[in-house]
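Structural overview for review
Below are the chains, spelled out letter by letter.
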Amino acid sequence: MAGEILTLGRSELARLLRAILREGDPWQAAGTAGLPFPRVVEGIQQLLDAGALVFDGKRLQLTEQGQRLARELNVTAAPDIRCLACQGTGIDLGFFQEVTRRYEELARGRPEPLAAYDQGYQTIDSVMRRVALMVAQGDVEGKDVVVLGDDDLASLALALTGLPRSVVVIEIDQRLCAFIEQAARRAGLNITVYCRSLTDRLPPELLGQFDTFLTDPTETEHGLLLFLEKGFMCLKKGEGRAGYFGITRIESNISKWHIWQRELLNRHAITFTHILPDFSLYANWEEPGEQPIPDLPPFARPSPVPWYRSTFFRVETLPEFQPPEDYVIEGGRELYEDEDAIDKVWRSPDVDTAITASVMTAAPTPFPTQLTLGRHVIAEFWKCQNREPLRNLKQVLELAVRRAGATLLNMKIHRFVPDGFSALVLLAESHISLHAWPEYAYVAVDVFTCGEADPEVIIELLKDYLQPAESAQITLERGLGPLMVLPAMRPETEAASLGSPSLPLTI
């Protein structure tokens, strides 16, 4: 039945029906379904058209057909277990009552959010709950804190606690920069504001200087990684630094979550310590009388209460953490809008005009074609003349790592019976691998390093040790842009085929 009337997958449909049964209100269902808003709109429209759902002007209700569909998907009305006092966050703000009052006063008259910059600010309680959590985790008192993008005015709340050693803001919107600076002066707060886009290089004095960063990235794949990479650039090296950020399921599908989690864990020595769903609630941003989706009754009128919410994350650095190198990219709408964006079904009138007036380029290039994360050398060693390669291989690999300026994390060398070997070296900068075919006197070598480590040094030392009569190699630029093969660093010889005569490689 589900496949006959809907384009949503069974898992997506089950999430949507569960949210409708629990919430009733279409906006709250959209906020808690765990689906991008365009998919929620698509699903509700199709359910209404199929007669599985009705809208009475206030609430969505399943018809008999919709109830059969729910039973088919094993969906029931799950109880709402959220604490009414803390809205399910587990944070008591009693300790911060005075800070909350002063923050509310300073935030009055703030600039209205611009959809062009994907802006939308949180409720006062949500901002203070974030600050309370950061304080409780030891990431504010006596710390240097940087806020990347501050439409929530979190910098004011942090500084009002009197706990940070310093607070720095990096913000693209000149209106917000001026507002934060004026509010900080009135309240005598130690806040420094840099008005610039994160697509540019950060000021050198900010790199590697902070204990904690806070950001709410745009939720395209490119934009999200850009914001978080810039946050990690600001952190000091070593363990115990913290990064905080909020991401929704309303404008970011679960596959996108997988991509950025994998990328962050692969690139950086960090661990996730907190993933707190529905932690932050956003104030409604609609203009009076606005019609978000006028031809779809459940969403024709704005919600009377806040509905847009995000999950709050905390990551912590490990001892081997190193801040990544800074870079410049061209950026435009692809940093702010993709198929999951609310604007795909609800277009705000200020998007086009504001983006034209922004500091961003009008001809964007997908992120990040100018970013090189590392170099990957793939080498072929034929007719290897070292007859006892395992005798000193460990020592040679350790020497190669040191000379290349890399950091050795682990090494495993496995000897096969009757002959052959594989070696894998785990680096903070990536890896080295070797695989030997003694019957062909052939060794396949793979060296991938990021940062300042030089993979060519490792290749040359291994070549000197294994003594191949013939060799060939290619070097790849690694990153998130197009795969590029670099010109050879030195003349290459013809690679031998498996049938080539060769000297024995005794193991």
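Here's what I pulled together on the structure shown here. As the structure is a computational prediction, the values presented were derived from the model and not from experiment.

Let's talk about the overall build of the chain
Within the chain, the secondary structure is distributed over 14 helices and 16 strands. In the chain, which comprises 507 residues, the proportion classed as buried is 53%. Sequence-distant contacts in the chain: of pairs separated by 6 or more residues, those separated by 24 or more amount to 74%. Looking at the chain as shown, the accessible area adds up to about 22800 Å², and 51% of this sits on carbon and sulfur atoms.

Comments concerning empty space enclosed by the protein
For the structure on display, the rule yields two cavities of 30 Å³ or more. Computed from the structure, the largest cavity encloses a volume of approximately 50 Å³. Taken together, Asp-118, Glu-219, Thr-220, Glu-251, Tyr-336, Asp-338 and Ala-341 make up the full set of residues lining the largest cavity. In the lining of the largest cavity, the residues fall into two nonpolar, one polar and four charged. A breakdown of the residues in the lining of the second largest cavity according to their chemical character gives three nonpolar, one polar and five charged.

Concerning the layout of surface pockets
In this structure, the largest pocket spans a volume of roughly 1300 Å³. Within the residue set of the lining of the largest pocket, elements represented by two or more residues are α10 (221–234), α11 (254–267), β10 (374–384), β12 (421–427) and β14 (442–450). Looking at the lining of the largest pocket residue by residue, the class counts come to 16 nonpolar, 12 polar and 11 charged.

Here's the deal with the pairing of β12
Most of β12 is tucked away: five of the seven residues are buried. Summarising the sheet, strand β11 (residues 408–415) and β12 pair through seven bridges and their orientation is antiparallel. Note on β12: the bridge partner recorded for Ile-413 is Ala-423. As defined by bridge partners, β12 adjoins strand β13 (residues 430–437) across six bridges and the pair is classed as antiparallel. The partner of Ala-423 across the bridge, within β13, is Leu-434.

Digging into α10
In this model α10 runs 21 Å from its N-terminal to its C-terminal C-alpha over 14 residues, within 8% of the 20 Å that 1.5 Å per residue would give. Counting buried residues along α10, 12 of its 14 residues qualify, which places the element largely inside the surrounding structure. Turning to α10, its buried residues are Gly-223, Leu-224, Leu-225, Leu-226, Phe-227, Leu-228, Glu-229, Lys-230, Gly-231, Phe-232, Met-233 and Cys-234. Buried residues in α10 make contact with β3 (144–148), β6 (212–215), β7 (242–247), α11, β8 (270–281) and β9 (309–317).

A word on the nonpolar core
Among soluble globular proteins, nonpolar side chains are generally buried collectively. Ranked by internal contacts, the top residues of the largest apolar core, which has 39 residues, are Tyr-103, Leu-153, Leu-156, Leu-158, Leu-189 and Ile-191. Elements represented by at least two residues in this core include exactly α6 (97–107), α7 (124–136), β3, α8 (154–160), β4 (166–171), α9 (174–187), β5 (191–195) and β7. The contacts of Tyr-103, once residues within four sequence positions are left out, are Arg-110, Ile-124, Val-127, Met-128, Asp-152, Leu-153, Leu-156, Ala-157 and Leu-160. Counting 36 residues, the second-largest nonpolar core is a separate cluster that includes Leu-225, Leu-226, Cys-234 and Ile-247.

Description of the sheet that holds β6
With mixed pairing, seven strands are arranged side by side in an open sheet as β5-β4-β3-β6-β7-β9-β8. Each edge of the open sheet carries a strand with a single partner, namely β5 and β8. Across the sheet, the axes of successive neighbouring strands diverge by a mean angle of 15 degrees, strand direction being ignored. Pairing of β6 with β7 involves four bridges; the strand directions are parallel. Bridge pairing in β7 links Thr-212 to Ala-242. Strands in contact with α10 are β3, β6, β7, β8 and β9; relative to β6, the strand with the most contacts, it is inclined by about 160 degrees. α11 rests against β7, β8 and β9 of the sheet, and its axis sits at about 145 degrees to β8.

Quick word on the packing of aromatic side chains
Tallied over the entire structure, the rule returns 25 aromatic pairs. Consider the rings of Phe-37 and Trp-346, whose centres lie 6.3 Å apart with planes at 55 degrees: the pair is tilted. In this pair, Phe-37 sits in helix α4 (residues 37–49) while Trp-346 sits in the loop between β9 and α12 (351–357), placing the two residues 309 residues apart along the sequence. Taken together, a centroid distance of 6.1 Å and an interplanar angle of 45 degrees make the contact between Trp-285 and Trp-307 tilted. Residue Trp-285 is located in the loop between β8 and β9, and its partner Trp-307 is located in the loop between β8 and β9; the two are separated by 22 residues in the primary sequence. An aromatic cluster is present here, built from Trp-27, Phe-37, Tyr-282, Trp-285, Phe-299, Trp-307, Tyr-308 and Trp-346 joined pairwise through their rings. If you follow Arg-249 out to its NZ or CZ, it ends over the ring of Trp-257, 5.5 Å from the centre.

Topic: the side chain of Gln-473
Tracing the sequence through the fold places Gln-473 in strand β15 (residues 468–478). At a separation of 3.1 Å, a polar atom in the side chain of Gln-473 contacts the side chain of Glu-456.

A look at the packing of α6 against α9
Two elements in contact, α6 and α9, have axes whose closest approach is 10 Å; the angle formed by their N-to-C orientations is 130 degrees. Of the possible angle classes, the one that applies to α6 and α9 is oblique. Remark: the crossing between α6 and α9 carries right-handed chirality. Where α6 approaches α9, its residues Arg-102, Leu-106 and Ala-107 are matched on the opposing element by Phe-179, Ala-183, Arg-186 and Ala-187.

A word on the pattern of salt bridges
Enumeration according to the criterion identifies 28 salt bridges in this entry. Glu-263 is the partner of Arg-262 in a salt bridge, and the nearest nitrogen-oxygen pair spans 3.6 Å. Glu-263 gets classed as buried once you look at its relative accessible area, which sits at 15%.

Comments concerning the side chain of Thr-123
With respect to the helices and strands, the residue Thr-123 is situated in the loop between α6 and α7. At 3.0 Å, the side chain of Thr-123 and the side chain of Ser-126 are in polar contact. Setting aside its immediate chain neighbours within four residues, Thr-123 contacts Leu-281, Tyr-282, Ala-283 and Pro-306.

So, how was this worked out
- Residues numbered from 1 in each chain as written.
- Predicted model: local features only at pLDDT ≥ 70, side-chain atom pairs only at ≥ 80, totals over all residues.
- Heavy atoms only, no water.
- Helix = DSSP H or I, 4+ residues; strand = E, 2+ residues; numbered from the N terminus.
- Buried < 20%, exposed > 50% of the residue type's maximum accessible area, 1.4 Å probe, protein only.
- Contact = heavy atoms within 4.5 Å.
- Areas by Shrake-Rupley, 256 points an atom, 1.4 Å probe, with all protein chains shown as cover.
- 1 Å grid on protein atoms, 1.4 Å probe; cavity = no way out; pocket = protein on both sides within 12 Å on 5 of 7 lines; lining within 4 Å.
- Points joined across faces, edges and corners; volume = space filled by probe spheres on them.
- Nonpolar A, V, L, I, M, F, W, Y, C, P; charged D, E, K, R; others polar.
- Pairing = 2+ DSSP bridges.
- Expected span 1.5 Å × (residues − 1).
- Core = buried A, V, L, I, M, F, W, Y, C linked by side-chain atoms within 4.5 Å.
- Axes fitted to C-alpha atoms, helices over the stretch in contact; angles between N-to-C directions.
- Phe/Tyr/Trp six-rings, centres within 6.5 Å; stacked < 30°, edge-to-face > 60°.
- Lys NZ or Arg CZ within 6 Å of the ring centre and 35° of its normal.
- Polar contact = N/O pair within 3.5 Å; in protein donor to acceptor, adjacent residues only side chain to side chain.
- Parallel < 35°, antiparallel > 145°, perpendicular 65-115°, else oblique.
- Left-handed = near helix turned anticlockwise from the far one by under 90°.
- Salt bridge = Lys/Arg side-chain N within 4 Å of Asp/Glu carboxyl O.

What is shown is where atoms sit, not what they do.
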